[in-house]
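Each chain is listed here by its residues.
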Amino acid sequence: MNSYAAWAHPQLAAQVLRPRRDGCSEIALSVEALTDARQVLQLEQLIRSLPGVQRVAIDRPARRVRVVLDVGRTPLPTLLANFAAAGCPAQPLQHDSIDDARAQEQHDALKRLLVAGMCAMQVMTYAFVIYIGVVDFVDFSTRNLFRWLGLLTSVPVVFYSAMPFFRGALQELRERRLGINLPVALAVALVFLASMINTLRGSGEIYFDSVTMFVFLLLGGRYLELRSRHRSGAMGDAVIDTAPLLAQRRRADGELETVPAMTLLSGDRVHIAEGTRVPADGVLQSADVRVDEALLSGESRPVRRVRGDQLIAGSVLLSGPAELIVEHSGNSTTVARLGELATRARQARVLSAASDREVGRFVARVLGLTVLTALGWSLVDPARAFDAAVAVLVVACPCAFALTRPATLTRALGVLAGRGVLVTHGEALGQLAAVDYAMFDKTGTLTVPQLDRHAVEPLRGDSVEQVLQLAAALAHESSHPLARALADTARQQALPLQAQSVQVAAAAGICGEVAGRPLWLGRADFALAPSGQAIPSGISDALLLADTEGAIATFHLDEQPRADARRMLDFLRADGIATSMASGDAASRVAAVADRLGIADWHARQSPADKLERLQAAHAKGHTTLAVGDGSNDAPLLAGADVSAALASGTELAQAHADLLLLDGRLSGLVDARAIACQLQQITAQSRRWALAYNLCAVPFAAFGLVPPWLAGIGMSLSSLVVVLNALRVGSREATSDERSGPATGARELPA
């Protein structure tokens, strides 16, 4: 409880507690230990049992917990102590991370979809009775009743479910551009208005079934795309998670006090414990420390800092403790400016999808034909002018044309999700098909840590296999890249050992019992602490395995290209895409990786601003750009590219600004995404050509009064069905071989 007493500080509590109108407060917490479903249930039951707790919402994939509580009955320190008692230590997040907009948007879209679906089914039932009257007699009063029922049931669809289309159409008109919302809104409004007038008149045909089904299908496609986009945002704000909220400030009398990091002022002296994050930007006062800045700079190895050097907020102190003189804190730190730079870069992106000229031309033709039909019949037979014009509008209604993009895009999103690529912005696929320049980060993106058996050095006469077996038992319990590399090397062991009582120390290592023997694996100072043995020279960058008697073995890990990196790059180059690599790492290591991957254009010691500047220069030359990264230092690069991709194993800030997420570390997902993006463009064009051909054939018959409205509605539904069925070809082997040639075939040869 005492370790959480600092959270009772009013300024610190104000950062993480958001007041509510009912007098309670809401808090968002990051809980890394949410791995077991039973543990999640026990945690929820425990927190709900606390006095004053109103609601607990646990997002297990995002490792987030939101709690609504009365802090007067359960103070914040008590809440955090109960999280720790449940085995799930929690880190409060700034209240800015409590964002209800995403959930509200998804709930609103789902409600509109459900209303449209329910009403569409009812209207189709009423329409069936009316259509029967074409063949079998249905008395006038019965038909009129069902016409009114169709009108009343369509009202919620038009005036509630379809409102996003009307708002979008108004926005497009204000911006003086033609998008997909305008023809959809016009079709819904005009067809509904015509049907309503005929219902009030008691004569003429109605099309409520067509309107409601059209809205339902479009909303279904939009909802699936919305869910896909929101899944990437569920992981929260990486900038908030990176920067610590607490700091140990040294008072004038030399004593330490725990204060909110945001209250630090320039000139304050801060104490940083080993293994913790630096709370503010400042100047190092200690003689010599080692710092992990990979999250921010992209440097693949720990860096050495000496007195007078700059330390960056959010970096991890690997050897310490250290003393720091604060220069910048809060929103002025490097990590905060990095997030702002990424946001500005994303806002500056101009997507070509803002205007769809084909849709604009199509709707102009439809309206023109409708007006001409009305004028023609006004001269020949004014009594038939309205029905003929409405029939033309229904036959030529841009249902099939408007459905081509959402139907094909929805299919593409599902196919890519099955292939390990999560698309967060659907319009990025259209841009991906046009990409001709790609820039990659190196560390963690094109490369991964790797352990060579020849780099394993037993120190007590054990065999390489024996020490690998012991180390792998611990490494299997960690998701750290270095631990995974060690575990992969030892995977061939016939009889793997199991570790018990495993504990992970942040930025230090992992310990546990293997075959009843206490072992420590990690940094040399961490592994040798229990034995008190001095750190041997020359192993500062190696993993060390030790027990209570001292060092057992060292493991020297190196950086190797990912297994599918070369073939992915070869595919992109064969497809006409120029490749480049920019890294914050040293020139020697960047050059070595570039040589192995065949990258001629590479740049070392690049800051986030340098990477973004190079990408913008390529964009200024007319290139459509792709950026691929995994670290927070890559966020501005990802946000500034026309299309961006991040590895799902990367930082949350990188994922938040990426259009594509590559799951399971598979760079080959880019090959699949490129092939599917080209299929998307091809099949969308095919479907639109079909819709145009259908209209060219059907509109003349409707214009001359040869197509009754009920047949026009069936024709519109069938044309929409053809579009949906054609969309299912996205991702099929037949479509791949038909629509793509050459490199796309190689995409399927890459490892899954």
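As the structure is a prediction and not an experimental result, all values here were calculated from the model.

Chemist: Is there a simple way to think about the overall build of the chain in this case?
Modeler: Helices and strands together make up the secondary structure of the chain, namely 27 helices and 27 strands. Considering the chain as a whole, with its 752 residues, one finds that 51% of them fall into the buried category. Sequence separation of 24 or more characterises 68% of the internal contacts of the chain that already satisfy a separation of 6 or more. If you sum the accessible surface of the chain, you get close to 33200 Å²; carbon and sulfur atoms cover 56% of it.

Chemist: Looking at this structure, I do not really get the environment of Ala675. What am I missing?
Modeler: Checked against the element boundaries, Ala675 lands in helix H24 (residues 669-703). Expressed as a C-alpha distance, the spacing of Ala675 and Val730, which sit 55 residues apart in the sequence, is 9.8 Å.

Chemist: For this particular structure, what's the right way to read the nonpolar core?
Modeler: One finds Leu429, Leu432, Phe440, Leu446, Met568, Leu660 and Leu670 to be the most contacted residues of the largest nonpolar core, which totals 43 residues. Broken down by element, this core gets its largest block of residues, seven residues, from H24. With near-sequence residues (within four places) excluded, Met568 lies in contact with Phe440, Leu446, Leu667, Leu670 and Val671.

Chemist: Sorry if this is basic, but what is going on with the sheet that holds strand S10 (residues 288-292) here?
Modeler: Adjacent strands of a sheet pair through backbone hydrogen bonds, lying either parallel or antiparallel. Spatial ordering of the open sheet is given by S11-S10-S13, a layout of three strands whose pairing is antiparallel. The outermost strands of the open sheet, each flanked by one partner alone, are strand S11 (303-306) and strand S13 (316-317). Here four bridges tie S10 to S11, and the two strands are oriented antiparallel to one another. By the bridge assignment for S11, Asp288 is matched with Val306.

Chemist: Looking at this structure, how should I read the sheet that holds strand S26 (residues 643-647)?
Modeler: Here seven strands make up an open sheet; going across it, the order is S15-S27-S26-S25-S16-S23-S24 and the pairing mixed. Of all strands in the sheet, those with a lone pairing partner are strand S15 (421-423) and strand S24 (601-603), marking the two edges. Going across the sheet, the axis of each strand differs from the next one's by a mean of 20°, ignoring polarity. With three bridges joining them, strand S23 (residues 578-582) and S24 adopt parallel strand pairing. Across the sheet, the residue bridging to Ala582 is His603, located in S24. Along the sheet, helix H20 (residues 587-597) contacts S23 and S24; its crossing angle with S24, the most-contacted strand, is approximately 160°. Against the sheet, H24 makes contact with S15, strand S16 (437-440), strand S25 (625-629), S26 and strand S27 (660-662), and its axis sits at roughly 145° relative to S27, the strand it touches most.

Chemist: Can you walk me through the pattern of salt bridges in this structure?
Modeler: Side chains carrying opposite charge are able to pair once their charged atoms draw close together. Counted by the stated rule, this structure contains 22 salt bridges. Note that Glu44 and Arg48 form a salt bridge whose closest N and O atoms lie 3.0 Å from each other. Of this pair, Glu44 and Arg48 both sit in helix H2 (residues 37-48), separated by four residues, roughly a single helical turn. Taking the shortest distance from any N to any O, the salt bridge between Arg517 and Asp547 comes out at 3.0 Å. Here Arg517, found in strand S20 (residues 517-522), pairs with Asp547, found in strand S21 (residues 543-547); they are 30 residues apart in sequence, far enough to count as distant. A relative accessible area of 29% places Arg517 in the partly exposed class. The network of salt bridges with shared partners includes Arg18, Arg20, Asp22, Glu26, Arg55 and Arg66.

Chemist: Would you explain H20 in this entry?
Modeler: Because the α-helix completes a turn every 3.6 residues, residues three or four places apart line up on one side. Buried within H20 we find Val590, Val593, Ala594 and Leu597. Projected down its long axis, H20 shows its buried positions confined to an angular sector of 100°, all on one face. Summarising the geometry of H20, the exposed residues directed more than 90 degrees from the buried face are Ser588 and Asp595. Looking at the packing, one finds that the buried side of H20 touches strand S17 (447-458), strand S22 (550-561), helix H19 (565-574), S23 and S24. Two residues or fewer past H20, Gly598 is found with a positive phi of approximately 75°.

Chemist: Sorry, what's going on with the environment of Ala487 here?
Modeler: Structurally, Ala487 is set in helix H17 (residues 481-489). Linking Ala487 and Leu474, residues 13 residues apart in sequence, is a C-alpha distance of 8.6 Å. Ignoring sequence-local partners within four residues, the contact set of Ala487 consists of Ala475 and His476.

Chemist: Would you explain the packing of aromatic side chains in this entry?
Modeler: Geometrically, a pair of aromatic rings is defined through the distance of the ring centres and the angle of the planes. For the structure shown, the criterion picks out three aromatic pairs. Where Tyr126 meets Phe146, the ring centres are 5.8 Å apart and the plane angle is 55°; that geometry is what we call tilted. Taken together, the residues Tyr126 in helix H4 (residues 101-135) and Phe146 in helix H5 (residues 140-161) connect sequence positions 20 residues apart. For the pair shown, Tyr126 and Phe146 are each scored as buried. With a centroid separation of 5.9 Å and an interplanar angle of 80°, the aromatic rings of Phe159 and Phe192 are classed as edge-to-face. Of this pair, Phe159 sits in helix H5 while Phe192 sits in helix H7 (residues 181-201), placing them 33 residues apart in sequence. For Phe192, a relative accessible area of 5% puts it in the buried group. Here the aromatic cluster, defined as three or more aromatic residues joined through ring pairs, consists of Phe159, Phe192 and Phe208. Over the ring of Tyr160 we find Arg112, and its NZ or CZ is 4.6 Å from the ring centre.

Chemist: Honestly, the packing of H2 against helix H3 (residues 76-85) in this entry has me stumped. Any pointers?
Modeler: When two helices pack together, their arrangement is given by the angle between the helix axes and by the axis-to-axis distance. Two elements in contact, H2 and H3, have axes whose closest approach is 10 Å; the angle formed by their N-to-C orientations is 150°. In terms of orientation, H2 and H3 fall into the roughly antiparallel class. Viewed along their axes, H2 and H3 form a crossing whose handedness is right-handed. Along the contact surface, H2 presents Leu43, Leu46 and Ile47, while H3 presents Leu79, Asn82 and Phe83. Of the residues in the contact of H2 with H3, the class split is five nonpolar, one polar and no charged.

Chemist: Which parts of the structure should I look at to understand the pairing of strand S4 (residues 64-69)?
Modeler: The side chains of a regular strand alternate between both faces of the sheet. The buried fraction of S4 is high, at five of six residues. As judged from the six bridges shared by strand S2 (residues 25-30) and S4, these two strands associate in the antiparallel manner. Counterpart to Ile27 in the pairing with S4 is Val67. Here strand S3 (residues 53-59) runs beside S4; their pairing, made up of six bridges, is antiparallel. In the strand pairing of S4, Ile58 is matched with Val65.

Chemist: What is the right way to look at the confidence of the model for the chain in this model?
Modeler: Caution applies to low-pLDDT regions: their predicted coordinates should not be interpreted in detail. When the pLDDT values of the chain are averaged, the result is 78; 78% of them are 70 or greater. Mean pLDDT values over the elements of the chain span from 36, in helix H27 (residues 743-747), up to 93, in S16. Considering only residues more than four positions removed or in separate chains, one finds that residues 232-241, a stretch of pLDDT under 50, has 26 contacts. Counting interchain partners and residues more than four positions distant, the pLDDT-below-50 stretch residues 344-355 has 23 contacts.

Criteria and cut-off values
Residues numbered from 1 in each chain as written. Predicted model: local features only at pLDDT ≥ 70, side-chain atom pairs only at ≥ 80, totals over all residues. Heavy atoms only, no water. Helix = DSSP H or I, 4+ residues; strand = E, 2+ residues; numbered from the N terminus. Buried < 20%, exposed > 50% of the residue type's maximum accessible area, 1.4 Å probe, protein only. Contact = heavy atoms within 4.5 Å. Areas by Shrake-Rupley, 256 points an atom, 1.4 Å probe, with all protein chains shown as cover. Core = buried A, V, L, I, M, F, W, Y, C linked by side-chain atoms within 4.5 Å. Pairing = 2+ DSSP bridges. Axes fitted to C-alpha atoms, helices over the stretch in contact; angles between N-to-C directions. Salt bridge = Lys/Arg side-chain N within 4 Å of Asp/Glu carboxyl O. Arc of directions from axis to C-beta. Phe/Tyr/Trp six-rings, centres within 6.5 Å; stacked < 30°, edge-to-face > 60°. Lys NZ or Arg CZ within 6 Å of the ring centre and 35° of its normal. Parallel < 35°, antiparallel > 145°, perpendicular 65-115°, else oblique. Left-handed = near helix turned anticlockwise from the far one by under 90°. Nonpolar A, V, L, I, M, F, W, Y, C, P; charged D, E, K, R; others polar. pLDDT = per-residue confidence, 0-100.

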